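A closer look at the structure
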Amino acid sequence: MDLFTQCNQQDENILPFDGEVLSHGFVLSNDESEYYYTLLLGAIAWQPDEAILFGKRIQTRRQVAWYGEQPFSYAYSGVIKCALPWTDALLWLKQKIETITNETYNSCLLNYYGSGDEGMAWHSDAEKQLKKNGSIAVLSLGAVRKFSFKHKASSLKLDVILEPGSLWEMKGETQTYWLHRLPPTQKVRKGRVSLTFRTIV
Ligand SMILES: O=C(O)CCC(=O)C(=O)O
Ligand SMILES: [Fe+2]
């Protein structure tokens, strides 16, 4: 079964069970979104994402960067990354988001998708280094993209639309019971940046 959520109520859980996914609406104006998109494209230490697949180290076209309040190391798809110190822009955005979600974050994984050809496959963010059932806040900049959730046991699917300047939050048991992905699409030519604020323990 496919559900499509449009015009969802702000701050209301869009998952029917087994987790919480909240929309916090638009937290940046259009001008601010454009400003931070351009700034972060230039100022962030982007690197091709790497993963170990069938014992081989591969590079994805998506670019990533990892920042935090300490040089945390984060093991992900068999690759260890070391966090860079917060930039002023990231710290400002982090503090703004913390007041909206009423949570705290000590790190941020940034993703850059150059066009709709690039996406992220089904996964959940349940690495051991992440706070269990902690909040992950996703701020979107650049192109509008679809984001999908799939319940692991029932395969129930749900789509949301991630717009520039919007803030979404995943928390509670979401990562235990649901997968999520950013599907590739031929319809989008523009790039997109996402900032995913997390808590490392
Ligand atoms: O790009 C996004 O909006 C989210 C990507 C994601 O799921 C992740 O970074 O774990
Ligand atoms: Fe994720």
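As annotated in an unreviewed UniProt entry, the chain is Alpha-ketoglutarate-dependent dioxygenase AlkB from Myroides pelagicus.

1. Quick notes on a nonpolar patch on the surface
A contiguous nonpolar patch, built from Leu 53, Phe 54 and Ile 58 and spanning about 350 Å² of accessible area, is present on the exposed surface. Relative to the helices and strands, Leu 53 resides in strand β3 (residues 47–53).

2. Side note on helix α1 (residues 30–43)
Here α1 contains 14 residues, and its C-alpha end-to-end distance of 20 Å stays within 8% of the 20 Å for a straight helix at 1.5 Å per residue. Those residues of α1 that fall on the buried side of the exposure criterion are Ser 33, Tyr 36, Tyr 37 and Leu 40. All buried residues of α1 project into a common sector of 105° when viewed along the axis, lining one side. Within α1, the exposed residues directed more than 90 degrees away from the buried face are Asp 31, Thr 38, Gly 42 and Ala 43. Of the surrounding secondary structure, the elements contacted by the buried residues of α1 are α2 (88–101), β8 (107–113), β10 (136–142) and β15 (192–198).

3. Overview of the coordination of the iron ion (ligand 2)
Looking at the iron ion (ligand 2), one finds its protein donor set to be His 123 (NE2), Asp 125 (OD) and His 180 (NE2), positioned 2.0 to 2.2 Å from the metal centre. Counting residues between consecutive donors of the iron ion (ligand 2) along the chain gives the motif H-x1-D-x54-H. Here His 180 lies in strand β14 (residues 178–182) and His 123 lies in strand β9 (residues 120–123), a separation of 57 residues in the sequence. Note on His 123: relative accessible area 19%, which makes it buried.

4. Regarding α2
Counted at 1.5 Å a residue, the expected span for α2 with its 14 residues is 20 Å, and the 20 Å between its end C-alpha atoms agrees. Every buried residue of α2 is accounted for by Ala 89, Leu 90, Leu 93, Lys 94, Ile 97, Glu 98 and Thr 101. Along the axis of α2, the buried positions cluster into a sector of 160°, meaning they face one direction only. For α2, exposure combined with an orientation more than 90 degrees from the buried face picks out Asp 88 and Thr 99.

5. Quick word on the site of ligand 1
Residues in close proximity to ligand 1 total 14 residues, the closest being Asn 111, Tyr 113, Arg 192, Ser 194 and Arg 198. Residue Asn 111 places a side-chain N or O atom 3.0 Å away from an oxygen atom belonging to ligand 1. Breaking the shell around ligand 1 down by element, the ones donating at least two residues are β8, β9 and β15. Here the element with the most residues in the shell around ligand 1 is β15; it accounts for four residues.

Cut-off values and rules
- Residues numbered from 1 in each chain as written.
- Chains lettered and ligands numbered in written order.
- Predicted model: local features only at pLDDT ≥ 70, side-chain atom pairs only at ≥ 80, totals over all residues.
- Heavy atoms only, no water.
- Patch = residues over 30% accessible without salt bridge, like charges linked within 9 Å, V, L, I, M, F, W, Y side chains within 5 Å.
- Areas by Shrake-Rupley, 256 points an atom, 1.4 Å probe, with all protein chains shown as cover.
- Salt bridge = Lys/Arg side-chain N within 4 Å of Asp/Glu carboxyl O.
- Helix = DSSP H or I, 4+ residues; strand = E, 2+ residues; numbered from the N terminus.
- Expected span 1.5 Å × (residues − 1).
- Buried < 20%, exposed > 50% of the residue type's maximum accessible area, 1.4 Å probe, protein only.
- Arc of directions from axis to C-beta.
- Contact = heavy atoms within 4.5 Å.
- Donors = N, O, S within 2.8 Å, 3.2 Å for Na, K, Ca; no water.
- Near = heavy atom within 4 Å.
- Polar contact = N/O pair within 3.5 Å; in protein donor to acceptor, adjacent residues only side chain to side chain.

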